[in-house]
Amino acid sequence: MKSRLKGYLMLLPAGIFFLAFVIAPLFYTFYLSFFDWNMIKVNKKFVGLDNYIELFKRPIFSKILVNTFLYIIILLVINFLAAYVLAFVLSIVLKKYKNFYRAAFFLPSLISLVIGSVLYTWILNPVSGPVAIILKHFGVYMPIWSKTQGLVIVVISIITSWKAFGYNFIVILGGISGIDESIIEAAKLDGASNFKLFKDIALPASSATGIYIFIMTIVQGLQFVFTPIKVITQGGPSYGSSSLIYHSYHEAFILYKTGVSSALSMITMIIFAILLVLEFKFVEENIYYEN
């Protein structure tokens, strides 16, 4: 009994923190989603489900929803798939300069994304940026990507990946490096190609690590993408780069529609929950755990 009580006491500080900064704000956001309030008036006007109905009636909402899923797809390709392949190459294929590559890929994750956004704004300036100047020598002119629908999402995803890629790469590298060397060597003696090694050994054996990175890429990636949107485009052009998380901020702190923002936050949370349930239902059951 004493040991159990001691365990609860040790969990208490984290529990209080979780209750105060996660559970309480979540319920308050849910509460505000049923009111019309601008954070200035003393009284809130109860409107029921009107905030939710207003969101679904807006053509902008479907556009922002599509933008968000495009961000998820691009971030998964770069920060999950590409990170997996690169970690496999560095762990099993390459034999030299491993420490250099680890440091080089991980370094951007230590740099502020605000600084990275400003840096990429200069590098990718379509008129005077280094990339534009180099392309001009080949007769190619950069489009104004921050004002181009579709392209702006790709560029912002790349900027976000510059920050998130290093952490994902290092974690996956650790998972692949933990595979028993004898299994790899036996497969090579049997004439297995690098593709076979990746598909049939590295991917299944490190799947527990992979699923963690898969989830983190979706959740954390969409949190990271807020910064370059805020610094560079502010959701433009015509909401072409806005995401669910950024638009929630936009509704609350730019338009002062707290109720609509809260409703959008709840919808975003439900979408994340659905994605996680689908992931656990169709992916988690195929995960390999060594122990």
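Everything numeric here is computed off the predicted structure, so don't read it as measured data. Numbers given for residues are sequential positions, taken from 1 along each chain in its written order. Note on the predicted model: pLDDT of at least 70 is required for a residue's local features to be given, and 80 or more for side-chain atom pairs to be given and counted; whole-chain, interface and lining totals, by contrast, use all residues. Only hydrogens and water are removed before side-chain values are computed, so all heavy atoms of the structure are retained for them.

Visitor: How do you make sense of the packing of helix α3 (residues 59–93) against helix α4 (residues 98–106) when you look at a structure like this?
Guide: Two numbers describe a pair of packed helices, the interaxial angle and the distance between the axes. Contact pair α3 / α4: the axes reach a minimum separation of 10 Å and the direction vectors enclose 155°. Taken together, the axes of α3 and α4 are roughly antiparallel relative to one another. As for how α3 packs across α4, the hand of that crossing is left-handed. Two secondary-structure elements touch here, α3 through L86, L90 and S91 and α4 through K98, Y101, R102 and F105. Under this grouping Gly is polar, as are all residues other than the nonpolar Ala, Val, Leu, Ile, Met, Phe, Trp, Tyr, Cys and Pro and the charged Asp, Glu, Lys and Arg. Counted by class, the contact of α3 with α4 contains four nonpolar, one polar and two charged residues. A fitted line through C-alpha atoms represents every axis, and for helices the fit uses only the stretch in contact; the resulting angles, taken between N-to-C directions, go from 0 to 180 degrees. Secondary structure counts use DSSP, requiring at least four H or I residues in a row for a helix and at least two E residues in a row for a strand, with both numbered from the N terminus. Should an angle fall under 35 degrees it is taken as roughly parallel, and over 145 as roughly antiparallel, whereas 65 to 115 is taken as roughly perpendicular and any remaining angle as oblique. Crossing handedness: left-handed means the near helix sits turned counterclockwise from the far one by under a right angle, and right-handed means the same turn made clockwise. Whether two residues touch is decided by their heavy atoms; if any such pair falls within 4.5 Å, the residues are in contact.

Visitor: Just checking my understanding: could you explain the packing of helix α7 (residues 151–177) against helix α10 (residues 207–224) for this structure?
Guide: Running from amino to carboxyl end, α7 crosses α10 at an angle of 165°, the nearest separation of the two axes being 10 Å. Comparing the axis directions of α7 and α10 gives the class roughly antiparallel. The handedness of the crossing between α7 and α10 is right-handed. Within the contact between the two elements, α7 uses T160, K163, A164, Y167, N168, V171, I172 and G175 and α10 uses T209, Y212, I213, T217, G221 and F224. Here the residues of the contact of α7 with α10 sort into seven nonpolar, six polar and one charged.

Visitor: Sorry if this is basic, but what is going on with the side chain of N51 here?
Guide: Within the element layout of this structure, N51 appears in helix α2 (residues 50–57). If sequence neighbours within four positions are ignored, N51 has contacts with L32, S33, F34, F35, G259, V260 and A263.

Visitor: Would you mind going over a nonpolar patch on the surface with me for this structure?
Guide: Candidates for patches are residues over 30% relative accessible area with no salt bridge; among them, like charges are joined within 9 Å and nonpolar side chains (Val, Leu, Ile, Met, Phe, Trp, Tyr) within 5 Å. Note that accessible areas follow from Shrake-Rupley with a 1.4 Å probe, and for residues the cover is restricted to the protein chains shown. Only one rule defines a salt bridge in this text: a Lys or Arg side-chain nitrogen within 4 Å of an Asp or Glu carboxyl oxygen. A surface patch of nonpolar side chains, about 540 Å² in accessible area, is lined by L26, F27, M269, I270, I274 and L278. Where the nonpolar patch is concerned, the elements lending two or more residues are α1 (2–32) and α13 (258–282). With four residues, the single largest contributor to the nonpolar patch is α13. Here F27 is to be found in helix α1. Residue classification places F27 among the exposed residues on the basis of a relative accessible area of 56%. Throughout, exposure labels follow a simple rule: accessible area from a 1.4 Å probe, protein chains only, divided by the maximum for the residue type, with under 20% read as buried, over 50% as exposed, and the rest as partly exposed.

Visitor: Please clarify how the packing of aromatic side chains should be interpreted in this entry.
Guide: For any pair of aromatic rings, geometry is given as the distance between the ring centres together with the angle between the planes. Stacked, tilted and edge-to-face are the three classes applied to pairs of Phe, Tyr and Trp rings, where Trp contributes its six-membered ring and a pair requires centres within 6.5 Å; stacked means planes under 30 degrees apart, edge-to-face means over 60, and tilted covers the rest. In total, this model carries 20 aromatic pairs according to the counting rule given. Between F17 and F21, the aromatic rings sit 4.8 Å apart at their centres with planes inclined by 40°, giving tilted as the arrangement. Taken together, the residues F17 and F21, both in helix α1 and four residues apart, mark about one turn of the helix. F21 carries the same exposure label as F17, and that label is exposed. When the ring of F105 is compared with that of F165, the centres are 5.9 Å apart and the planes differ by 55°; the resulting orientation is tilted. Here the residue F105 occupies a position in helix α4, and F165 occupies one in helix α7, the gap between them amounting to 60 residues. Assessed through its relative accessible area of 13%, F165 is described here as buried. Here the aromatic cluster, defined as three or more aromatic residues joined through ring pairs, consists of F80, Y84, F88, F198 and F214. Stacked on the ring of W37, the Lys or Arg K44 has its end atom at 4.7 Å from the ring centre. Placement of a positive charge over a ring is assigned whenever Lys NZ or Arg CZ falls within 6 Å of the ring centre and within 35 degrees of the normal to the ring plane.

Visitor: Sorry if this is basic, but what is going on with the nonpolar core here?
Guide: In a soluble, globular protein the nonpolar side chains are often hidden away together inside. As used in this record, nonpolar core signifies buried Ala, Val, Leu, Ile, Met, Phe, Trp, Tyr and Cys residues forming a set joined through side-chain atoms within 4.5 Å. Ranked by size, the top nonpolar core spans 44 residues in total, and within it W145 and I176 carry the most contacts. Contributions of two or more residues to this core are made by α3, α5 (113–123), α7, α8 (181–189), α9 (194–205), α10 and α11 (226–233). Of all the elements, α3 adds the most residues to this core, at twelve residues. Non-local contacts of I176, meaning those with residues more than four positions away in its chain, are made with Y84, A87, F88, S91, I92, A202 and S206.

Visitor: Could you clarify how one ought to interpret the pattern of salt bridges in this entry?
Guide: Pairs may arise between side chains of opposite charge once their charged atoms sit close together. The full count for this structure, using the stated rule, is four salt bridges. A salt bridge links E54 to R58, with the shortest nitrogen-to-oxygen separation between them at 2.6 Å. Take E54: its relative accessible area is 29%, and that puts it in the partly exposed class. The salt bridge partner of R58 is E251, with a shortest N-O separation of 2.5 Å. Taken together, the residues span a long stretch of sequence, with R58 in the loop between α2 and α3 and E251 in helix α12 (residues 244–253) at a distance of 193 residues. With a relative accessible area of 1%, E251 lands in the buried category. A single salt-bridge network, built from bridges that share partners, covers E54, R58 and E251.

Visitor: What is the right way to look at α7 in this model?
Guide: To estimate how far a helix should extend, the number of its residues minus one is multiplied by 1.5 Å. The terminal C-alpha atoms of α7, which comprises 27 residues, lie 36 Å apart, in line with the 39 Å expected from a rise of 1.5 Å per residue. Think of it this way: the bend at a residue is just the angle between two axes, each fitted to seven residues, one set ending at that residue and the other starting at it. Taken as a whole, α7 carries its principal kink of about 45° at A164. Of all 27 residues making up α7, 19 are buried, and the element is well covered by its neighbours.

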